[in-house]
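Residue-level structural notes
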Amino acid sequence: MTETIELIDNDFLRQFELNVENEMAIIEYSLQERKIFLTKMIIPETIRTDEFELEFIDLVFSNIKERDISVVPTSPEIAKYVRRNRKYKRMLPVGIRI
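Residues numbered from 1 in each chain as written. Predicted model: local features only at pLDDT ≥ 70, side-chain atom pairs only at ≥ 80, totals over all residues. Heavy atoms only, no water.

Some words on the overall build of the chain
A count of helical and extended segments in the chain gives 2 helices and 5 strands. In sequence order, the secondary structure elements of the chain are arranged as β-β-β-β-α-β-α. For the chain, whose C-alpha radius of gyration is 13 Å, the value lies close to the compact-globule estimate of 13 Å for 98 residues. By its C-alpha atoms, the chain is 40 × 30 × 20 Å across when sized along the principal axes. Scored against the burial criterion, the 98 residues of the chain give a buried share of 39%. At a minimum sequence separation of 6, the contacts of the chain that also span at least 24 residues come to 41%. As displayed, the chain offers around 6400 Å² of accessible surface, 46% of which is attributable to carbon and sulfur atoms. Side-chain charges of the chain comprise 15 positive and 18 negative groups, with the mean position of each set lying 13 Å from the other. (Helix = DSSP H or I, 4+ residues; strand = E, 2+ residues; numbered from the N terminus. Rg over C-alpha atoms; globule rule 2.2 N^0.38 Å. Buried < 20%, exposed > 50% of the residue type's maximum accessible area, 1.4 Å probe, protein only. Contact = heavy atoms within 4.5 Å. Areas by Shrake-Rupley, 256 points an atom, 1.4 Å probe, with all protein chains shown as cover. Lys, Arg positive; Asp, Glu negative; His and termini not counted. Charge placed at Lys NZ, Arg CZ, Asp CG, Glu CD.)

A look at the sheet that holds strand β2 (residues 15-20)
Within a sheet, each strand pairs with its neighbour through backbone hydrogen bonds, oriented either parallel or antiparallel. Spatially, 5 strands are ordered β1-β2-β3-β4-β5 in an open sheet, and the strand pairing comes out mixed. Pairing within the sheet leaves two strands with one partner each, and these edge strands are β1 (8-10) and β5 (70-73). Shown here is a sheet whose adjacent strand axes are inclined to one another by a mean of 30°, direction ignored. As defined by bridge partners, β2 adjoins strand β3 (residues 23-32) across 6 bridges and the pair is classed as antiparallel. When the bridges of β3 are listed, valine 20 appears paired with glutamate 23. Across the face of the sheet, helix α1 (residues 50-67) comes into contact with β1, β2, β3, β4 (35-42) and β5 while running at roughly 135° to β2. Strands β3, β4 and β5 of the sheet are contacted by helix α2 (residues 76-84), whose axis makes an angle of about 120° with β5. (Pairing = 2+ DSSP bridges. Axes fitted to C-alpha atoms, helices over the stretch in contact; angles between N-to-C directions.)

A few points about the nonpolar core
Formed by 27 residues in total, the largest nonpolar core has its most connected members in Phe16, Ile27, Leu38, Phe56, Phe61 and Ile64. Elements with a minimum of two residues in this core: β2, β3, β4, α1 and α2. (Core = buried A, V, L, I, M, F, W, Y, C linked by side-chain atoms within 4.5 Å.)

As structure tokens, then:
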């Protein structure tokens, strides 16, 4: 992602949004108590690259980390990201292993 883009937390639709090249990438979530469940990731094929996907997930995790809440990745792509990035395993709730 070469341009500066802004991550939007659309709490009405319960999703993180990223507009790139007139396309919208989305990570849907469910917020319960002090946990956020990342349930689904939708990235249009026209902008989908491995690099974009990783940067998008990283932006979302940075946003969540600022809120100081736990993350439960139920989306397979996001769970895979957590497995590969040990620094985010600390954000998992007690008892959750990926």
